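Per-entry structural report
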Amino acid sequence: MLDDLDRRLLRHLQADPALGPSALAERAATTPAVASRRLVRLRSAGVLKGREAIVDWRALGFTVEVSLRFTLDKTQPRAFDEFLEEARKVPEVLEIQTFLGRVDVRLSVIARDLAHYQDIYRRRILSLPHIADIEALMHVARIKEGEAVPL
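Residues numbered from 1 in each chain as written. Predicted model: local features only at pLDDT ≥ 70, side-chain atom pairs only at ≥ 80, totals over all residues. Heavy atoms only, no water.

1. Quick word on helix α3 (residues 32–44)
- Here α3 is 13 residues long and its end C-alpha atoms lie 18 Å apart, about the 18 Å a rise of 1.5 Å per residue gives.
- Those residues of α3 not exposed but buried are A35, R38, L39 and L42. Each buried residue of α3 lies within a common arc of 100° when the element is viewed along its axis, so the set occupies one face. Among the exposed residues of α3, those pointing more than 90 degrees away from its buried face are R37 and S44.
- Directly beyond the C-terminal end of α3, a positive phi value near 85° is found at G46. (Helix = DSSP H or I, 4+ residues; strand = E, 2+ residues; numbered from the N terminus. Expected span 1.5 Å × (residues − 1). Buried < 20%, exposed > 50% of the residue type's maximum accessible area, 1.4 Å probe, protein only. Arc of directions from axis to C-beta.)

This is the structure:
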């Protein structure tokens, strides 16, 4: 599906998403017109999922990150749907993942400090429907971060 030029373009774009078309083309050893057509094709194929501004929540004063693992009451037919619908409404939830296995759902939650987290936990998290069990893991350090794919 990808040829060498596609991989070069993606590698350089991942390394520096702010590259303009001319600089990207130069680094990938092609012309701006060819690079532009390739990027359009990669977006159309769903390989490139768009452009986004990534806000560093730590720079905004959020200092606490907690990973919450939930086991849901699966005796309720709509447990997953109802839980996920309500979890999406909690603004401090950055990420929601579902799993097969002992853990059903994981939420990544941020807070300004521990008091704020405790308030979110008591008011918003514990009121989510169909919870059978919760495990909280306090985030200590992020060792590796990024979505760059080895190309």
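The structure having been displayed, the exposition proceeds.
2. A look at the pairing of strand β3 (residues 105–111)
- For β3, a buried count of seven out of seven residues is recorded, marking the element as mostly surrounded by other parts of the structure.
- Along β3, one buried face is formed by V105, L107, V109 and A111 and the opposite face, lined by R106, S108 and I110, is buried too.
- Two strands pair when backbone bridges link them, and strand β2 (residues 93–98) and β3 are joined in this way by five bridges, in the antiparallel orientation. Residue pairing in the sheet places V93 in a bridge with V109 of β3.
- In this structure, the hairpin formed by β2 and β3 is closed by a connection of six residues, where G101 is found at a positive phi of approximately 135°. (Pairing = 2+ DSSP bridges.)

3. A short note on the packing of aromatic side chains
- Scanning the entire structure with this criterion turns up two aromatic pairs.
- For the ring pair Y117 and Y121, a centre distance of 5.9 Å and an interplane angle of 35° mean the geometry is tilted. With Y117 and Y121 both in helix α5 (residues 114–125), this residue pair falls four residues apart, about one helical turn.
- Judged by its relative accessible area of 23%, Y121 falls in the partly exposed class.
- For the cation-ring pair, R58 lies above W57, with the distance from its terminal atom to the ring centre recorded as 4.4 Å. (Phe/Tyr/Trp six-rings, centres within 6.5 Å; stacked < 30°, edge-to-face > 60°. Lys NZ or Arg CZ within 6 Å of the ring centre and 35° of its normal.)

4. Remarks on empty space enclosed by the protein
- Tallied over the entire structure, the rule returns one cavity of 30 Å³ or more.
- Of the pockets and cavities examined, the largest cavity occupies roughly 30 Å³.
- For the largest cavity, the full set of lining residues is R69, F70, T71, R102, V103, D133, I134 and E135.
- Of all the secondary structure elements, the ones that give two or more residues to the lining of the largest cavity are β1 (64–72) and β4 (131–138).
- Of the residues in the lining of the largest cavity, the class split is three nonpolar, one polar and four charged. (1 Å grid on protein atoms, 1.4 Å probe; cavity = no way out; pocket = protein on both sides within 12 Å on 5 of 7 lines; lining within 4 Å. Points joined across faces, edges and corners; volume = space filled by probe spheres on them. Nonpolar A, V, L, I, M, F, W, Y, C, P; charged D, E, K, R; others polar.)

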